[in-house]
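What follows is the residue order along each chain.
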Amino acid sequence: MYKLLFLLFENQHINISTLKERSYNLRWAEVEKGIIPLTAADLDFPCATPIIEAIKSYSNKGYFNYGPTEGMPILKESISSYFKRKRNVTIDPKNILPVDSAAFGIYLTCQSFLQPGDEAIIFDPVDFLFRYSIEKVGATAVSFSIPNISEIDFSMLETLITKKTKMICLCNPLNPTGKVFTKNELTQLAKIANKFDLIILSDEIWSDIIFEPYVFTSIASINEEINNRTIIVTGFSKSYGLAGLRIGAVLTKNNQLYTQLLLNADHQSTIHGINVISQVAASTALNECNDWLNQFLTHLQKMRDLCVEKINNINGFSCQAPQGCYVVFIDIKKTGLSSKEMHAYLLQEAKVSVVPGLQQWFGKGAEGFIRISFATSEAILTTALDNIHHSMSKL
Ligand SMILES: Cc1ncc(COP(=O)(O)O)c(C=O)c1O
């Protein structure tokens, strides 16, 4: 069984022609033939077999009626039990709202708790979704710099707090640097949130993808006071390859905050809501795919080590080993090229597409970096990195 699962992450299981048809968001379907897209953090591997079987078995009955507006009980219970078992966070299923992606979970949280003119703190660099959602609801994103994965002193964050500050957006693990926040760091952050009466939006979509010896801690598990002011956003795109099913969840112990989220989600009016197939897939992922996930992690740990070794041997490139997430954030400052120029150069010369560290993707602190995803096979990754190595030696 172990061996069979392990083989799932070999090159032969990557179906490039299907990816060319279905994998968008700067990936296979959007790049020219011959280009390897190490861009959006999405898997090149198919999802776990139990998910495929569960979708088939649900569909076979041919009924696709309206589902419950607050989400299917099986999914709400599965998420609650997962958080209790794996995250030491107790949240009643009734306070868990499945939504149509982690991205929407972030937006919904901002829409529910920020007014025009309010301020919310985000990290820099961090995924663009935080700034985008804050600004979309008319609030202002205030950046706190976390340039690398070393221990953070959060006391400086207090200097950014004003009367307008309502929320701190925590991305743990942190995309794009792969930092996993320690219990000590989260305790400091929790103290600040309690002191200034702030809401914590804790995006934990990457929390399954943690490399040894690091350990994930949810800020909601620190103490009851912080649990009561935290909204956790989670998703199924990163751990289980279900990005196209658009499924995630928001959860909070606090009844008042939950009611506000529910109201803003507009599920009860049926204007919004998640399709039932995605909920079946997500509950199967949590209940039946733990072995698959563990084997995926074993593969990723190997790919991470391969990336770090190869990247640090490339002319002008350097990187720290990510503690979590399947992305590497590469410092390219020594090459003298901007991240935009490097993106163009690698596309042309190495036939590899990367994400440039542009302000629009990750904030100001990302300039001088590029990001690559390593959720692919050893063969594809080796070809891409060797091509980059060769191109950089000509520069
Ligand atoms: C930190 C973070 N949050 C949210 C998302 C979006 O996830 P979803 O596909 O569920 O919208 C991503 C995707 O890259 C991410 O990196």
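Residues numbered from 1 in each chain as written. Predicted model: local features only at pLDDT ≥ 70, side-chain atom pairs only at ≥ 80, totals over all residues.

### Here we look at the overall build of the chain
Step number 1: When you go through the chain residue by residue, the secondary structure sums to 15 helices and 12 strands.
Step number 2: Relative to the compact-globule value of 21 Å for 395 residues, the chain shows a C-alpha radius of gyration of 21 Å, a close match.
Step number 3: With the C-alpha coordinates of the chain rotated into their principal frame, the extents come out at 60 × 55 × 35 Å.
Step number 4: Counting across all 395 residues of the chain, residues that qualify as buried make up 48%.
Step number 5: Partitioning the intrachain contacts of the chain with sequence separation of at least 6 by distance along the chain shows that 73% fall at a separation of at least 24. (Helix = DSSP H or I, 4+ residues; strand = E, 2+ residues; numbered from the N terminus. Rg over C-alpha atoms; globule rule 2.2 N^0.38 Å. Buried ≥ 20, exposed ≤ 12 C-beta atoms within 10 Å, placed from the backbone. Contact = placed C-beta atoms within 7 Å.)

### Digging into the nonpolar core
Step number 1: In terms of nonpolar packing, the biggest core is built from 118 residues, with Cys169 and Leu242 touching the most fellow members.
Step number 2: No other element matches the eight residues that helix H5 (residues 102–113) contributes to this core. (Core = buried A, V, L, I, M, F, W, Y, C linked by C-beta atoms within 7 Å.)

### Concerning the packing of helix H12 (residues 290–311) against helix H15 (residues 378–394)
Step number 1: Running from N to C, H12 and H15 point in directions that differ by 10°, and their axes come no closer than 11 Å. Looking at the two axes, H12 sits roughly parallel to H15. Here Met303, Leu306, Cys307 and Lys310 of H12 lie close against H15, whose contacting residues are Glu378, Leu381, Leu385 and His389.
Step number 2: Looking at the contact of H12 with H15, its residues break down into five nonpolar, one polar and two charged. (Axes fitted to C-alpha atoms, helices over the stretch in contact; angles between N-to-C directions. Parallel < 35°, antiparallel > 145°, perpendicular 65-115°, else oblique. Nonpolar A, V, L, I, M, F, W, Y, C, P; charged D, E, K, R; others polar.)

### Concerning the sheet that holds strand S8 (residues 248–251)
Step number 1: One open sheet accounts for seven strands, arranged S2-S8-S7-S6-S5-S3-S4; its pairing is mixed. The open sheet is flanked by strand S2 (96–99) and strand S4 (140–145), the only strands paired with a single partner. Averaged over all pairs of adjacent strands, the angle between strand axes in this sheet comes to 25°, irrespective of strand direction.
Step number 2: Alignment of strand S3 (residues 119–124) against strand S5 (residues 165–171), held across three bridges, turns out to be parallel. Within the sheet, the bridge partner assigned to Ile121 lies in S5 and is Ile168. (Pairing = 2+ DSSP bridges.)

### Notes on the domain arrangement of the chain
Step number 1: Annotation of the chain at the domain level lists domain 1 (2–48 + 290–394) and domain 2 (60–288).
Step number 2: Between domain 1 and domain 2, the C-alpha centre-to-centre distance is 25 Å.
Step number 3: Between domain 1 and domain 2, the contact holds 27 residues from the first and 33 residues from the second.
Step number 4: Those elements that provide at least two residues to the side of domain 1 that touches domain 2 are H12, strand S9 (327–331) and helix H14 (359–362).
Step number 5: The residue makeup of the side of domain 1 that touches domain 2, split by class, is 16 nonpolar, seven polar and four charged. (Domains from an automatic or database assignment.)

### Considering the site of the ligand
Step number 1: Surrounding the ligand, one finds 14 residues, the nearest of these being Ser101, Ala102, Ala103, Gly235 and Ser237.
Step number 2: Its residues placed into classes, the shell around the ligand shows seven nonpolar, five polar and two charged. (Near = placed C-beta within 6 Å.)

### With respect to unusual backbone geometry
Step number 1: In this chain, Asp124 is followed by Pro125 through a cis amide linkage whose omega measures 5°.
Step number 2: Phi at Asp266 is positive, roughly 60°, even though this residue is not glycine.
Step number 3: The residue Asp266 is located in the loop between helix H10 (255–265) and helix H11 (276–288) in this model.
Step number 4: Accessibility expressed as a C-beta count within 10 Å gives 13 for Asp266, which makes it partly exposed.
Step number 5: The backbone of Lys351 sits at a positive phi, close to 60°, despite the residue not being glycine.

### Regarding the pairing of S9
Step number 1: With four of its five residues buried, S9 lies for the most part within the structure.
Step number 2: In this structure, S9 lies alongside strand S12 (residues 369–373), joined through five bridges in antiparallel fashion. When the bridges of S12 are listed, Val328 appears paired with Ile372.

### Things to note about the environment of Ser318
Step number 1: Structurally, Ser318 can be placed in the loop between H12 and S9.
Step number 2: Overall, Ser318 belongs to the partly exposed group, with 14 C-beta atoms counted inside 10 Å.
Step number 3: Considering only alpha carbons, one finds Ser318 and Ile55, 263 residues apart in sequence, at a separation of 43 Å.
Step number 4: Aside from chain neighbours lying at most four places away, what touches Ser318 is Asn312 and Asp331.

### Concerning the sheet that holds S12
Step number 1: The sheet built from three strands is open, its strands ordered S9-S12-S11 with antiparallel pairing. The open sheet has two free edges, formed respectively by S9 and strand S11 (355–356), since each of these has just one partner strand.

### Re the environment of Glu288
Step number 1: Mapped onto the elements, Glu288 comes out in helix H11.
Step number 2: For Glu288, a count of 15 C-beta atoms within 10 Å translates into the label partly exposed.
Step number 3: Distance in space between the C-alpha atoms of Glu288 and Ala102 is 21 Å, their sequence separation being 186 residues.

### Details of the packing of H5 against H10
Step number 1: Viewed as axis vectors pointing N to C, H5 and H10 meet at an angle of 110°, and their least axial separation amounts to 9 Å. One element, H5, and the other, H10, form an angle in the roughly perpendicular class. Packed against H5, whose contacting residues are Leu108, Gln111, Ser112 and Phe113, the element H10 presents Gln260, Leu261, Asn264 and Ala265 at the interface.
Step number 2: Here the residues of the contact of H5 with H10 are counted per class, giving four nonpolar, four polar and no charged.

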